[in-house]
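# Fold and geometry: a report
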There are 2 protein chains.
Amino acid sequence: MNWDLIRWDRDGLVATVVQDSQTLQVLTVAYMTRTSLERSLEIGETVFWSRSRQELWHKGETSGNTQRIREIRVDCDGDALLILVEPRGPACHTGAVTCFYRTLEETHE
Amino acid sequence: MNWDLIRWDRDGLVATVVQDSQTLQVLTVAYMTRTSLERSLEIGETVFWSRSRQELWHKGETSGNTQRIREIRVDCDGDALLILVEPRGPACHTGAVTCFYRTLEETHE
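How each quantity is defined
- Residues numbered from 1 in each chain as written.
- Chains lettered and ligands numbered in written order.
- Predicted model: local features only at pLDDT ≥ 70, side-chain atom pairs only at ≥ 80, totals over all residues.
- Helix = DSSP H or I, 4+ residues; strand = E, 2+ residues; numbered from the N terminus.
- Rg over C-alpha atoms; globule rule 2.2 N^0.38 Å.
- Buried ≥ 20, exposed ≤ 12 C-beta atoms within 10 Å, placed from the backbone.
- Contact = placed C-beta atoms within 7 Å.
- Core = buried A, V, L, I, M, F, W, Y, C linked by C-beta atoms within 7 Å.
- Pairing = 2+ DSSP bridges.
- Least-squares fit on C-alpha atoms with pLDDT ≥ 70 in both.
- Nonpolar A, V, L, I, M, F, W, Y, C, P; charged D, E, K, R; others polar.

A tally of helices and strands in chain A yields 1 helix and 7 strands. Beginning at the N terminus, the succession of helices and strands in chain A can be written as β-β-α-β-β-β-β-β. A compact globule built from 109 residues would reach a C-alpha radius of gyration of about 13 Å, and chain A, at 14 Å, matches this within 12%. Projecting the C-alpha coordinates of chain A onto the three principal axes gives extents of approximately 40 × 30 × 30 Å. Going through the 109 residues of chain A one by one, you find that 36% of them count as buried. Contacts in chain A between residues at least 24 apart in sequence constitute 39% of all its contacts with a sequence separation of at least 6.

Here the focus is the nonpolar core. Val-17 and Leu-81 of chain A together with Val-17 and Leu-81 of chain B are the most contacted members of the largest nonpolar core, which totals 50 residues. Excluding anything up to four places from it in sequence, Val-17 of chain A contacts Val-26, Val-29, Ala-80 and Leu-82 of chain A together with Val-17, Val-26 and Val-29 of chain B.

What follows concerns the pairing of strand S3 (residues 47–50) of chain A. All names here are of chain A. Of the strand pairs in this sheet, S3 and strand S4 (residues 55–58) are connected by 4 bridges, and their pairing is antiparallel. Along S4, the bridge assignment pairs Trp-49 with Leu-56. Adjacent in sequence and paired antiparallel, S3 and S4 are bridged by 4 residues, among which Gln-54 carries a positive phi angle near 55 degrees.

Here Leu-37 of chain A is to be found in helix H1 (residues 34–43). Counting along the chain gives 31 residues from Leu-37 of chain A to Ile-6 of chain A, while the straight-line C-alpha distance between them is 11 Å.

With that settled, consider the relation of the copies chain B and chain A. Least-squares fitting of chain B to chain A yields an RMSD of 0.0 Å, with the transformation described by 0.0 Å of translation along the axis and a rotation of 180 degrees. Taken together, the rotation and translation describe the operation of a two-fold axis. No C-alpha of chain B approaches the rotation axis more nearly than that of Leu-24 of chain B, which lies at 3.0 Å. The fraction of interface residues of chain B whose copies in chain A are also interface residues reaches 100%, indicating that both copies meet through the same surface.

Take the interface of chain B and chain A next. With 29 residues of chain B in contact, the opposing surface of chain A contributes 29 residues. Those elements giving two or more residues to the side of chain B that touches chain A turn out to be strand S1 (14–20), strand S2 (26–32), strand S5 (67–74), strand S6 (80–87) and strand S7 (102–103) of chain B. Ranked by the residues each element gives to the side of chain B that touches chain A, the list is headed by S5 of chain B, at 4 residues. Taken together, the residues of the side of chain B that touches chain A sort by class into 16 nonpolar, 7 polar and 6 charged. Bridging between strand S7 (residues 102–103) of chain A and S5 of chain B involves 2 bridges; their strand directions are antiparallel. Bridge pairing links Thr-103 of chain A to Arg-73 of chain B in S5 of chain B.

This part takes up the environment of Leu-5 of chain A. Locating Leu-5 of chain A in the fold gives a position in the segment before strand S1 (14–20). C-beta crowding within 10 Å serves as the criterion here: with 19 such atoms nearby, Leu-5 of chain A is assigned to the partly exposed category. For Leu-5 of chain A and Cys-76 of chain A, which are 71 residues apart along the polypeptide, the C-alpha to C-alpha distance reads 8.8 Å. Excluding its chain neighbours within four sequence positions, the residues that come into contact with Leu-5 of chain A are Val-74 and Gly-78 of chain A together with Arg-102 and Leu-104 of chain B.

This is how it looks when you write it as structure tokens:
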């Protein structure tokens, strides 16, 4: 594990894209801190930093829709992660498979 | 186009994931301002906001590796975009197809 590849931002965060390892669908964009990444590696599931609640957020802890980590990639300048996962259920709190269920052109949800 | 779906951050940015519409490979994560999104829609190609240079950045303007926009999606809470593109060449300035060419475990580039 080469932690030096990661360039945390001024809030100690790194933008993280979560992609389904099978369907390759982009499921969500969330943020990780060093602690949340460490915890993710420990349990093999995604643990993010909730910017709104300002706390660690183990994805699926209450819903059961956890995301098993298959691979973690880092981009060329180290300020974004790409995590390939095997999701146990919908990624979105709305129940949608992906958080990106709307096109920008849609005016109705 | 429903601009109200987008929640710009304190710097007026929205995190943007670029995905190849054919291979579904995640190519890059970049940031857009309202102006860069407007310009992207005008020309049908990705135009980002360069946080390091603090200027509009038409992807591929110098390299020729532009990204033709096929679809723009927005996530459930409006703070991330997913743009499906048809790339005219490698997404990464290193020449790699994707900026995510490294796994976090790799210690050598």
